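Take a look at the letters that make up each chain.
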Amino acid sequence: MARWCYRHRLVVLVLWVGALFGLGVTASSAGTNYAEVFSLPDTDSKRAYDLMRKAFPERAGDTDTVVWKTDEGTVRDAAVRSRMEDALAEIGRMEGVGAVAGPYDERGAAQISEDGRIAYAQVTFAEQADAVPKALVQDVVDTARAAAGDGLQVELGGQAITRVQEPPTGTAELVGILAAAVVLFLAFGSVFAMLLPIVVAVFGVAGGMFGTQLISHVTDVPELASLLATLIGLGVGIDYALFIVTRHRKGILSGKDPEEAAVAALNTSGRAVLFAGGTVCIALAGMLVTNLRFLDGVVIGTSLTVVLSVLAAITLLPALLGVLGHRVLSRRQRRRLAASETKGEQVSGLAARWSATVQRRPRAVAAVAVVLMAALAVPLLSLRLGTVDQGNDDASTTTRKAYDLLAEGFGPGFNGPLQVVVDGEAPTGLVKAVEDTEGVAQVAAAPPANGVSVIQVVPTTSPQDVETDRLIDTLREDVIPAAGVQAHVGGVTAVSKDFASVTGDRLPLFVGTIIGLGFLLLLLAFRSLVVPLTAAVMNLLAAAASFGVLVMVFQWGVGLDVLGLGTEGPIASFLPIIMLSLLFGLSMDYQVFLVSRMHEEWVHTRDNARAVRVGLAETSRVINSAALIMVCVFLAFVLSGDYGAAMAGVGLAAAVALDAFVLRTALVPAVMHLLGRANWWLPAGLEKRLPHLAVEPKEEDDDDPPAPAPEEEAVDGAASVVHGFVRTPEGEPVRGAAVTLLTPGGRQLDRVASLADGAYVVAVPSPGTYLLAVSASPHGARAAHVTVGEGPLVHDVELTPGGVDVVS
């Protein structure tokens, strides 16, 4: 498939551009139909909500609030009253505004604070917040705030108002892409190579967004799905293309022509990308076991974007590689290649030195990594789930100012009232019992409507306060049963509490499901019980530490001012499930790319220390570059203006950084060095029963293994290898040395270039005597006869500058 896409690159490009254009036009014509369907079956707040809909079926539109405060006198003064009544009347005449309930009629007395300095009006739109045109909301905001001045402060709060104070759509995405471009340019040193992963990611994300928009017309998809799909799509799209482009460039620098390098890259790293994308989708699908139906749309949107990103990486990318040819390399690399001065892309000396350090001191590296992760995980012990509201907005926003004014004038609980809902008429005894309950500031019982009674309860504490949660428990478990009435406690605060409880109850099943599926996939891929078990433990460590960072930042408020994210509060209840899905999927990506290279080396040499060392040295740089890109993309969502998105962005950025920089490049290789050959243990009985899944085949699948030469005095036996290190007399590794294995008669059997640490491995067709020649400018050349038995042969080579050995 890679070869076909490479050779028919114009066809592939036209198909992708046409498909994206068609999707875009169709989605634009159809518009969006996102549905914020939120349902918690079998919860008390859901029963209260059902009764509320029965009582007030006409309350379909979003209700927002206009709040004002006067510095002198009261809001009843003629000057204040005339200004606000004119503004409210003008708002009421706007098309799309259903009703305006102000404090200046006979039913609005309760909308003025006791000291008379603060009042509010409720503006009910004809549509829900997401469907209200932004232009209309902006007109409401401008009209209301135009009345301010001369000691009168006017602010607005509500879901529709939040939409007009958000930064322009696309700001976060643009900043994330620009940051990724900088990292890619530093990694590749080529503008064309830098653009490839970005173009692939943009195609995948755009296709996913348009597709999700269309799917929203046939099933319930929340607007959150689009945001999260963009977040994860940009990250994985750029990363997947980065892995393939890196392998492609390496192939060209090793002497392959661009087409063969592209085919080899797609047949190796491309397979790993396909596998990694599948693990992300499986982790996302794990959300379905929670039975929280509003997450179904999130799964659809994010999974579709990941699938399209993988499809773009394995079809569109080889076509683009065909368009660029050698221009995927930097000018300097092209000059060196033309002068035959390079045979393989240089692995960073730092990566090779770090890999050697981990091998020499695995216990110390593992201990430091575990202590760091454990320290960051400690705050997790104080995790409290809840719902973020406008009290968490930045202090400069009008929604936050409105929230604070309402709390000042009517008490902190006014921003999150509870509803005690009774099917029938509410007994006087129940109303009195609720009034006398500790923690209740205000009670207002409305007459029955459609056979349902609603008692409005204003707590003395804010919606996010733990005391408000205790009040809900007291009403449900003590007050209502004691009154002998069938009643339910609802309202946004009660829904938030129930959601947190349901999430906590279902979280173990969810974590167990995605851990189990990940374990099975890695078991199939790497034929080992220890590797997937290690990955599962590491994933749990990454999750604990990243949630510890979330608690420190968003619950304790550490660094919130620096990020400009408002004030501390509980962690959003939906975040653990969504974030764990993404984290486990992304962690599996890095585990696959790291261990697949180790496994490839293990299969060739059966030397665990070498496999871990070489695998880490060759993949740590690209894994760290990929992680840095993801961190940039995720942190950019702090600029989205959405507190929940910012929380997800910071949490995922912390998770990816810890996973890549601490776990995959330090703790995982250190543990694998300590475990030794046990890493690759699999019971023989299980080995026979498991299907085979090749994640990283060798690059040249179609090459026949070299046959023994007639000159060889070979004995019957299995194929083997010669491996070792190429070093200078001072012990420094020689990178890029040409190592050639020949028959005694001079026929070439295998040829490789030594790695960053000087390591090499050449394949031997069968036991016997061979000629091993090693050369590297300016280190000279050496050649020697080697006799290989039935097992691998270790043969180290020392190159002396200017020296040449002659073997007759």
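Bear in mind that the values here come from a model prediction, so they are computed numbers and not experimental data.

**Looking at the pairing of strand β15 (residues 768-776)**
Move 1: The pairing of strand β12 (residues 738-742) with β15 spans 5 bridges and is classified as antiparallel. Residue Ala-738 lies in a different strand from β15, and its bridge partner there is Ser-775.
Move 2: Alignment of β15 against strand β16 (residues 780-788), held across 9 bridges, turns out to be antiparallel. Opposite Ser-775, over in β16, you have Ala-781 as the bridge partner.

**Focus: helix α8 (residues 191-215)**
Move 1: Counted at 1.5 Å a residue, the expected span for α8 with its 25 residues is 36 Å, and the 36 Å between its end C-alpha atoms agrees.
Move 2: A side-chain oxygen of the first residue of α8 lies 3.4 Å from the backbone nitrogen of Phe-192; this N-cap is Ser-190.

**Describing helix α15 (residues 398-410)**
Side chains that are three or four residues apart share a direction in an α-helix, a result of its 3.6 residues per turn.
Move 1: Under the 1.5 Å per step criterion, the end-to-end length of α15 is 18 Å for 13 residues, consistent within 8% with the ideal 18 Å.
Move 2: Those residues of α15 that sit buried are Thr-398, Thr-399, Arg-400, Ala-402, Tyr-403, Leu-405, Leu-406 and Phe-410.
Move 3: Among the structural elements, β1 (63-70), β3 (118-125), α5 (134-145), β4 (152-157) and α6 (159-164) are those in contact with the buried residues of α15.
Move 4: Downstream of α15 by one or two residues, Gly-411 has phi in the positive range, about 100°.

**Focus on the packing of aromatic side chains**
Move 1: This structure, assessed with the given rule, holds 7 aromatic pairs.
Move 2: Each ring, one from Phe-243 and one from Phe-593, has its centre 3.6 Å from the other, and the planes form 20°; the classification is stacked. With Phe-243 in helix α9 (residues 223-253) and Phe-593 in helix α21 (residues 575-605), the pair connects residues that are 350 residues apart, well separated along the chain.
Move 3: A residue is classified by how much of its surface remains accessible, and Phe-243, at 5% relative accessible area, is buried.
Move 4: Seen from the ring of Tyr-6, Arg-9 lies directly overhead, with NZ or CZ sitting 5.3 Å from the centre.

**A short note on the packing of helix α19 (residues 530-555) against helix α23 (residues 643-675)**
Packed helices, taken two at a time, are described by their axes: the angle between them and the distance between them.
Move 1: Two elements in contact, α19 and α23, have axes separated by 8 Å at closest approach and are oriented at 140°. The chirality of how α19 crosses α23 is right-handed.
Move 2: Broken down by class, the residue content of the contact of α19 with α23 amounts to 22 nonpolar, 4 polar and 2 charged.

**Examining the sheet that holds β1**
Move 1: Here 4 strands make up an open sheet; going across it, the order is β2-β3-β1-β4 and the pairing antiparallel. Two strands lie at the open edges of the sheet, namely β2 (97-101) and β4, each paired on one side alone. Shown here is a sheet whose adjacent strand axes are inclined to one another by a mean of 20°, direction ignored.
Move 2: Alignment of β1 against β4, held across 6 bridges, turns out to be antiparallel. From the neighbouring strand, Lys-69 faces β4, where its bridge partner is Gln-153.

**Quick look at the pattern of salt bridges**
Move 1: Under the definition given, this model contains 17 salt bridges.
Move 2: As a salt-bridge pair, Lys-46 and Asp-50 come within 3.0 Å of each other at their nearest N and O atoms. Of the two residues, Lys-46 and Asp-50 both sit in helix α3 (residues 44-55), 4 residues apart, roughly one turn of that helix.
Move 3: Given a relative accessible area of 23%, Lys-46 falls into the partly exposed group.
Move 4: For Asp-50, a relative accessible area of 36% corresponds to the partly exposed category.
Move 5: With a shortest N-O distance of 2.7 Å, Asp-436 and Lys-432 are connected by a salt bridge.
Move 6: A relative accessible area of 44% means that Lys-432 is categorised as partly exposed.

**Side note on the sheet that holds β12**
Move 1: Across the sheet, 4 strands lie side by side as β13-β12-β15-β16; this open sheet has antiparallel pairing. The open sheet terminates on both sides in strands that have one partner only, identified here as β13 (748-753) and β16. Here the average twist between neighbouring strands, direction ignored, is 20°.
Move 2: Looking at chain direction, β12 and β13 are connected through 5 bridges and run antiparallel. Bridging across to β13, Leu-742 finds its partner in Gln-748.

**Observations regarding the confidence of the model for the protein chain**
Move 1: With 92% of its residues at a pLDDT of 70 or more, the protein chain has an overall mean of 83.
Move 2: Taken element by element, the protein chain is modelled with least confidence in helix α20 (residues 560-563), mean pLDDT 75, and with most confidence in helix α14 (residues 362-377), mean pLDDT 94.
Move 3: A low-confidence stretch, residues 698-718 stays under pLDDT 50, and its non-local contacts, those more than four residues away or across chains, total 38 contacts.
Move 4: This stretch, residues 803-808, has a pLDDT under 50; its non-local contacts, to residues over four places away or in other chains, come to 11 contacts.

**Concerning the environment of Ser-216**
Move 1: Looking at where Ser-216 falls in the secondary structure, it is placed in the loop between α8 and α9.
Move 2: Once the C-alpha coordinates of Ser-216 and Val-298 are considered, the two residues, 82 residues apart in sequence, prove to be 11 Å apart.
Move 3: Excluding anything up to four places from it in sequence, Ser-216 contacts Thr-32, Asn-33, Tyr-34 and Val-221.

**Topic: the nonpolar core**
Move 1: Judged by nonpolar contacts, the single largest core of 158 residues is most densely connected at Met-287, Phe-554, Leu-575, Tyr-590 and Phe-634.
Move 2: Ranked by residues supplied to this core, first place goes to α23 with 20 residues.
Move 3: Once you skip the residues sitting within four places of it in the chain, Phe-554 turns out to touch Leu-560, Leu-565, Glu-568, Gly-569, Ile-571, Tyr-643, Ala-646, Met-647 and Val-650.
Move 4: Formed by 28 residues, the second largest nonpolar core is a distinct cluster that contains Val-80, Met-84, Val-132 and Leu-152.

**Some thoughts on a negative patch on the surface**
Move 1: Side chains of Asp-86, Glu-90, Asp-139 and Asp-142 sit close together on the surface and give a patch of like negative charge.
Move 2: Elements supplying a minimum of two residues to the negative patch: α4 (78-92) and α5.
Move 3: By relative accessible area, which is 40% here, Asp-139 ends up partly exposed.

**With respect to the side chain of Ser-303**
Move 1: Tracing the chain through its elements places Ser-303 in helix α11 (residues 294-324).
Move 2: Given the relative accessible area of 14%, Ser-303 is considered buried.
Move 3: Beyond its immediate chain neighbours, meaning those up to four positions away, Ser-303 contacts Cys-281 and Leu-284.

**Thoughts on a nonpolar patch on the surface**
Move 1: Residues Val-182, Phe-185, Leu-186, Val-191, Phe-192, Leu-195 and Val-199 make up a contiguous nonpolar surface patch of about 610 Å² in total accessible area.
Move 2: Mapped by element, the contributors of at least two residues to the nonpolar patch are α7 (171-188) and α8.
Move 3: Its place among the elements puts Leu-186 in helix α7.

**Points about the packing of α7 against α9**
Move 1: Following both chains from N to C, one finds α7 and α9 inclined at 15°, their axes separated by 12 Å at the closest point. Between α7 and α9, the angle falls in the class roughly parallel. As α7 runs across α9, the sense of the crossing is right-handed. For the pair α7 and α9, contact is made by Glu-173, Ile-177, Ala-180, Leu-184 and Phe-188 and by Thr-230, Leu-234, Ile-238, Leu-242, Val-245, Thr-246 and Arg-249, respectively.
Move 2: Looking at the contact of α7 with α9 residue by residue, the class counts come to 8 nonpolar, 2 polar and 2 charged.

**Thoughts on the environment of Leu-563**
Move 1: By secondary structure assignment, the location of Leu-563 is in helix α20.
Move 2: Leu-563 sits in the partly exposed class, given a relative accessible area of 34%.

Rules used throughout
Residues numbered from 1 in each chain as written. Predicted model: local features only at pLDDT ≥ 70, side-chain atom pairs only at ≥ 80, totals over all residues. Heavy atoms only, no water. Pairing = 2+ DSSP bridges. Helix = DSSP H or I, 4+ residues; strand = E, 2+ residues; numbered from the N terminus. Expected span 1.5 Å × (residues − 1). Polar contact = N/O pair within 3.5 Å; in protein donor to acceptor, adjacent residues only side chain to side chain. Buried < 20%, exposed > 50% of the residue type's maximum accessible area, 1.4 Å probe, protein only. Contact = heavy atoms within 4.5 Å. Phe/Tyr/Trp six-rings, centres within 6.5 Å; stacked < 30°, edge-to-face > 60°. Lys NZ or Arg CZ within 6 Å of the ring centre and 35° of its normal. Axes fitted to C-alpha atoms, helices over the stretch in contact; angles between N-to-C directions. Left-handed = near helix turned anticlockwise from the far one by under 90°. Nonpolar A, V, L, I, M, F, W, Y, C, P; charged D, E, K, R; others polar. Salt bridge = Lys/Arg side-chain N within 4 Å of Asp/Glu carboxyl O. pLDDT = per-residue confidence, 0-100. Core = buried A, V, L, I, M, F, W, Y, C linked by side-chain atoms within 4.5 Å. Patch = residues over 30% accessible without salt bridge, like charges linked within 9 Å, V, L, I, M, F, W, Y side chains within 5 Å. Areas by Shrake-Rupley, 256 points an atom, 1.4 Å probe, with all protein chains shown as cover. Lys, Arg positive; Asp, Glu negative; His and termini not counted. Charge placed at Lys NZ, Arg CZ, Asp CG, Glu CD. Parallel < 35°, antiparallel > 145°, perpendicular 65-115°, else oblique.

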